[in-house]
2 protein chains.
Amino acid sequence: MFRFEILHRSSRSRARVGRIHTPHGIIDTPNFVAVGTNGTLKGLDNTMVDSIGLQLMFCNTYHLLLQPGVEVVKKAGGLHQFINRKMPIITDSGGFQVFSLAYGSVASELKSCGVKKQDGHVLKVTEDGVLFRSYRDGKFVLLTPESSIQAQKALGADIIIPFDELPPYHIGAEKLKNAFERTHRWEKRSLEEHLKNRNNQAIYAVIHGGVDLDLRKESAERLKELPFDGYAIGGSLGKTKPEMVGMLTELMPHLPLEQPNHLLGIGDLESLSRCVPLGIDTFDSSYPTRAARHGLLLIQQGGMKVTRAENADRLNPIEPECTCWTCRHFTVAYLHHLFKAGELTAYTLATIHNLHFMVELMRRYRESILRGEV
Amino acid sequence: MFRFEILHRSSRSRARVGRIHTPHGIIDTPNFVAVGTNGTLKGLDNTMVDSIGLQLMFCNTYHLLLQPGVEVVKKAGGLHQFINRKMPIITDSGGFQVFSLAYGSVASELKSCGVKKQDGHVLKVTEDGVLFRSYRDGKFVLLTPESSIQAQKALGADIIIPFDELPPYHIGAEKLKNAFERTHRWEKRSLEEHLKNRNNQAIYAVIHGGVDLDLRKESAERLKELPFDGYAIGGSLGKTKPEMVGMLTELMPHLPLEQPNHLLGIGDLESLSRCVPLGIDTFDSSYPTRAARHGLLLIQQGGMKVTRAENADRLNPIEPECTCWTCRHFTVAYLHHLFKAGELTAYTLATIHNLHFMVELMRRYRESILRGEV
């Protein structure tokens, strides 16, 4: 059922326009993937998310494993049924969160200022997997390549991700190499577990190697040998956007042209504009939804801080041509008021707009590529 | 344009079924009025509130006066336009909040355990009105009968309320009598201000007198002499439900039969069942929406605490026959999960259900009265 179809390749860059076919419908690429960690985008219900046309939603296995737990999702018939989403879902392996907890927050880890602040949670990392304590109830949880894949089978996402190790940024070369070797052994074990029961799901490899280009290339070469359905790029790509772009520019030619790829955890507006020409197909990020909750509304000119005084009496929609629910029904002045008054409705309406903006932005990227402009 | 039509009177009680006609449509009575203090029900947008069929929404002039301010609402063409609500709105005068701030929280004041904890906010109460400081920006605001009515004219609610004084519970008889006299002078001034420019709005008097039945009766008799369009019952009616019911049982025969009445700030399920037979037409309360945000879902059997462990795998709607958006799309298990995960979406979905429940409950009350059962 899973199939990637390339409709057009740019002659000016590595950008391409494609379609990922999944059991829950098509994902037009390049596309943006919103993050619904707990099976919901913060402030929206999933019928609204479907109606906005967000074609792929990212859910976190780590969180869902601990709450509500896999059993109830399985009993519901899978994550789509449990959360009432009709369109495709991608889940990660849980590895990223487990290791982030061990080495500090996700953000600080990626910005390479991680400190081992919560290492009490991760009790043991062995060849088998990771033993950690649930942040919810303190219970021991053993996450292995096999158990991660089994959890993702039970969740039933359209695209799943092998269990990997996210090494901390500041470790020595030998330890890094050890982590690198182990993550590839874990990915292989994940794939083998997956192949026992494909369950109509696709599995993307995760390319590792941190900021070491040689390791990144080696990771790509090794993973290409295995029958993965697509390639995700994980871990730190550097401290700055130019470093990230430099790394991806070198790395992308080593990925198979005919398979879809995904950039994990990066999807701000500037990164999109830099990475679409590099041939990235999908991007997940909580940027637009988090920005919305902070009152930053995405507009063609960049962003509008809705709480600024000048917006108090702007009795127009956020963008005059925008067709989102929020712009069709409410004004900037009303949103300004809701944010000032601390009303929950503010977060919902802002999130609807920002998500719609991303859907439209990616549609425009695809059109630009088709027109030969990217 | 404003008109009250009585369709049926119970022969068993004072209950009646009626219709309040307003410029923004009909309010079937008896009915429940949800509180959208800042021009929104917490967690919902007003198109959803309209679609649930909530026929009257209560907004607070005090809050709207301070944020967003009357000018921007006026510029938008009124509160209906500003918040995008198609159906009727009632606003209060601001008096209740100003005095609540002076004497303690609204809840503690009504439960008569008020302490003068924030009296720095109210600077001066004179015959003219109340001078207070904005909790938002510290600016001085003078609220008088005239300025309250002018603000309510600018907001443009279908039903408005005269500026009144809410005396603290524990004051001597003389002070109480003074406050009582003044509140009636203020109501008269409010009415006079209103009559200068009806603006297609109706004005309800507020019957005062606290827990003193003689004062309550006197208040009703005096206000009946004036051309108000309806009668609201304000202030404390006692410390317990039986006291409240006792007071209303005595008081209601003193209200004009042919005009609509409203019970201010009371709308929990038990009070509704006790007060509908006493002939109350409309009730405002934040109970169902606040309960929703605390995970208490209203059901025919009373209430379901959604976060209880037994609801973790209840893969059914809250109520099998419920036709609300939440019940049509999501299960109790999913709501349980959203609450456990602290997701904003939980508050929205629970509020939709509880509000729909209230709309249906009041419809059933009207049917019961029509069938002669109440």
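Residues numbered from 1 in each chain as written. Chains lettered and ligands numbered in written order. Predicted model: local features only at pLDDT ≥ 70, side-chain atom pairs only at ≥ 80, totals over all residues.

Draft legend 1. Up close: the overall build of chain A. Helices and strands together make up the secondary structure of chain A, namely 15 helices and 16 strands. Whereas a compact globule of 374 residues would reach a radius of gyration of roughly 21 Å, chain A reaches 20 Å, a difference of no more than 12%. With respect to the principal axes defined by its C-alpha atoms, chain A has extents near 60 × 55 × 40 Å. Buried positions account for 54% of the 374 residues belonging to chain A. Considering only contacts in chain A between residues 6 or more positions apart, those separated by 24 or more positions represent 65%. (Helix = DSSP H or I, 4+ residues; strand = E, 2+ residues; numbered from the N terminus. Rg over C-alpha atoms; globule rule 2.2 N^0.38 Å. Buried ≥ 20, exposed ≤ 12 C-beta atoms within 10 Å, placed from the backbone. Contact = placed C-beta atoms within 7 Å.)

Draft legend 2. Highlighting the nonpolar core. Among the nonpolar cores identified, the biggest contains 205 residues, and Leu335 of chain A together with Leu335 of chain B are the most heavily contacted of them. Other than its neighbours up to four places away in sequence, Leu335 of chain B contacts Val306, Phe330, Ala346, Leu349 and Ala350 of chain B. (Core = buried A, V, L, I, M, F, W, Y, C linked by C-beta atoms within 7 Å.)

Draft legend 3. Spatial organisation of the sheet that holds strand E3 (residues 25-29) of chain B. Residue and element names in this part refer to chain B. Overall, antiparallel pairing links the three strands, which are arranged E1-E2-E3 in an open sheet. Each having just a single partner strand, strand E1 (3-9) and E3 make up the two edges of the open sheet. For this sheet, the mean inter-axis angle between neighbouring strands, taken without regard to orientation, is 15°. Examined bridge by bridge, E1 and strand E2 (residues 16-22) share six bridges and lie antiparallel to one another. Counted as the bridge partner of His8 is Val17 from E2. Where helix H15 (residues 344-370) meets the sheet, it contacts E1, E2 and E3, and its direction lies at approximately 125° from that of E2. (Pairing = 2+ DSSP bridges. Axes fitted to C-alpha atoms, helices over the stretch in contact; angles between N-to-C directions.)

Draft legend 4. Summary view of the sheet that holds strand E1 (residues 3-9) of chain A. Residues and elements named next belong to chain A. Across the sheet, three strands lie side by side as E1-E2-E3; this open sheet has antiparallel pairing. Each end of this open sheet is capped by a strand with a single partner; those strands are E1 and strand E3 (25-29). In this sheet, neighbouring strand axes are inclined to one another by 15° on average, regardless of whether the strands run parallel or antiparallel. Its contacts with the sheet put helix H15 (residues 344-370) on E1, strand E2 (16-22) and E3, and the angle it makes with E2 is roughly 125°.

Draft legend 5. The packing of helix H7 (residues 145-155) of chain A against helix H8 (residues 173-196) of chain A, seen in detail. Residue and element names in this part refer to chain A. Put simply, H7 and H8 touch, their axes get as near as 8 Å, and they point 45° apart. The pairing of H7 with H8 is recorded here as oblique in orientation. Regarding H7 and H8, the two cross each other, and that crossing is right-handed. Within the contact between the two elements, H7 uses Pro145, Glu146, Ser148 and Ile149 and H8 uses Trp186, Arg189, Ser190, Glu193 and His194. Of the residues belonging to the contact of H7 with H8, the class tally is three nonpolar, three polar and three charged. (Parallel < 35°, antiparallel > 145°, perpendicular 65-115°, else oblique. Left-handed = near helix turned anticlockwise from the far one by under 90°. Nonpolar A, V, L, I, M, F, W, Y, C, P; charged D, E, K, R; others polar.)

Draft legend 6. Summary view of the relation of the copies chain A and chain B. Of the two same-sequence chains, chain A is brought onto chain B (RMSD 0.0 Å, axial shift 0.0 Å) by a rotation of 180°. Look at the turn and shift together and you get a two-fold axis relating the two. When C-alpha positions in chain A are compared against the rotation axis, the closest is assigned to Leu344 of chain A, at 3.8 Å. A share of 100% of interface residues in chain A that are also interface residues in chain B marks the association as one of identical surfaces. (Least-squares fit on C-alpha atoms with pLDDT ≥ 70 in both.)

Draft legend 7. Main features of the interface of chain A and chain B. Residue-level contacts link 32 residues of chain A with 33 residues of chain B. Mapped onto the side of chain A that touches chain B, the elements with two or more residues apiece are helix H3 (70-76), helix H4 (79-83), helix H14 (332-340) and H15 of chain A. When its residues are assigned to classes, the side of chain A that touches chain B shows 16 nonpolar, ten polar and six charged.

Draft legend 8. Structural context of the domain arrangement of chain A. Residues and elements named next belong to chain A. Once the domains are mapped, chain A shows domain 1 (29-285) and domain 2 (295-374). Summarising the inter-unit geometry, the C-alpha centres of domain 1 and domain 2 are found 29 Å apart. Listed per partner, the contact involves 14 residues of domain 1 and twelve residues of domain 2. Only strand E4 (31-35) and helix H1 (46-52) provide two or more residues apiece to the side of domain 1 that touches domain 2. No other element matches E4, which puts three residues into the side of domain 1 that touches domain 2. (Domains from an automatic or database assignment.)

Draft legend 9. View of the packing of helix H14 (residues 332-340) of chain B against H15 of chain B. Residues and elements named next belong to chain B. Look at H14 against H15: their axes get within 7 Å of each other, and the N-to-C directions meet at 135°. Taken together, H14 and H15 sit at an angle that is classed as oblique. The element H14 and its partner H15 pack so that their crossing is left-handed. Here H14 contributes Leu335, Leu338 and Phe339 to the contact with H15, which in turn contributes Thr345, Ala346, Leu349 and Ala350. Across the contact of H14 with H15, the residue classes tally to six nonpolar, one polar and no charged.

Draft legend 10. Fine view of helix H9 (residues 213-224) of chain B. Residue and element names in this part refer to chain B. An ideal rise of 1.5 Å per residue puts 16 Å on twelve residues; H9 measures up with 16 Å between its terminal C-alpha atoms. Within H9, the full set of buried residues consists of Arg216, Ser219, Ala220 and Leu223. Projected down its long axis, H9 shows its buried positions confined to an angular sector of 95°, all on one face. When the buried face of H9 is taken as reference, the exposed residues oriented beyond 90 degrees from it are Asp214 and Glu221. Tucked into the core, H9 has its buried residues touching helix H8 (173-196), strand E11 (202-207), strand E12 (230-233) and helix H10 (241-251). (Expected span 1.5 Å × (residues − 1). Arc of directions from axis to C-beta.)

Draft legend 11. Seen up close, the environment of His294 of chain A. Tracing the backbone through its elements, the reader meets His294 of chain A in the loop between helix H12 (287-293) and strand E15 (296-299). Taking C-alpha positions, His294 of chain A is 9.0 Å from Val306 of chain A, a pair spaced twelve residues apart along the chain.

Draft legend 12. Up close: helix H10 (residues 241-251) of chain A. All names here are of chain A. Among the residues of H10, those classed as buried are Met244, Met247, Leu248 and Leu251. Angular distribution of buried residues about the axis of H10 spans 95°; they occupy a single face of the element. Here the buried face of H10 lies against helix H9 (213-224) and helix H11 (269-275).

Draft legend 13. Structural view of the confidence of the model for chain A. All names here are of chain A. Scored by pLDDT, chain A comes out at a mean of 93, with 95% of its residues at no less than 70. Here residues 112-119 is modelled with pLDDT under 50, and outside its nearest four sequence neighbours on either side it reaches 18 contacts, counting other chains as well. Interface confidence for the predicted complex, expressed as ipTM, amounts to 0.94; the pTM equals 0.94. (pLDDT = per-residue confidence, 0-100.)

Draft legend 14. Spotlight on unusual backbone geometry. Residue and element names in this part refer to chain A. Here Gln67 and Pro68 are connected by a cis peptide whose omega angle stands at 10°. Following the sequence through the fold, Pro68 ends up in the loop between helix H2 (61-66) and H3. For Asn84, which is not glycine, the phi torsion reads 55° and is therefore positive. Tracing the sequence through the fold places Asn84 in the loop between H4 and strand E6 (89-91).

Draft legend 15. Main features of the pairing of E2 of chain A. Residues and elements named next belong to chain A. Taking burial as the measure, the seven residues of E2 include five buried ones, the bulk of the element. Taken together, E1 and the strand that follows it, E2, pair antiparallel across an intervening segment of six residues. Here five bridges tie E2 to E3, and the two strands are oriented antiparallel to one another. Within E3, the position partnered with Ile20 by the bridge is Ile27. The hairpin formed by E2 and E3 contains two residues between the paired strands.

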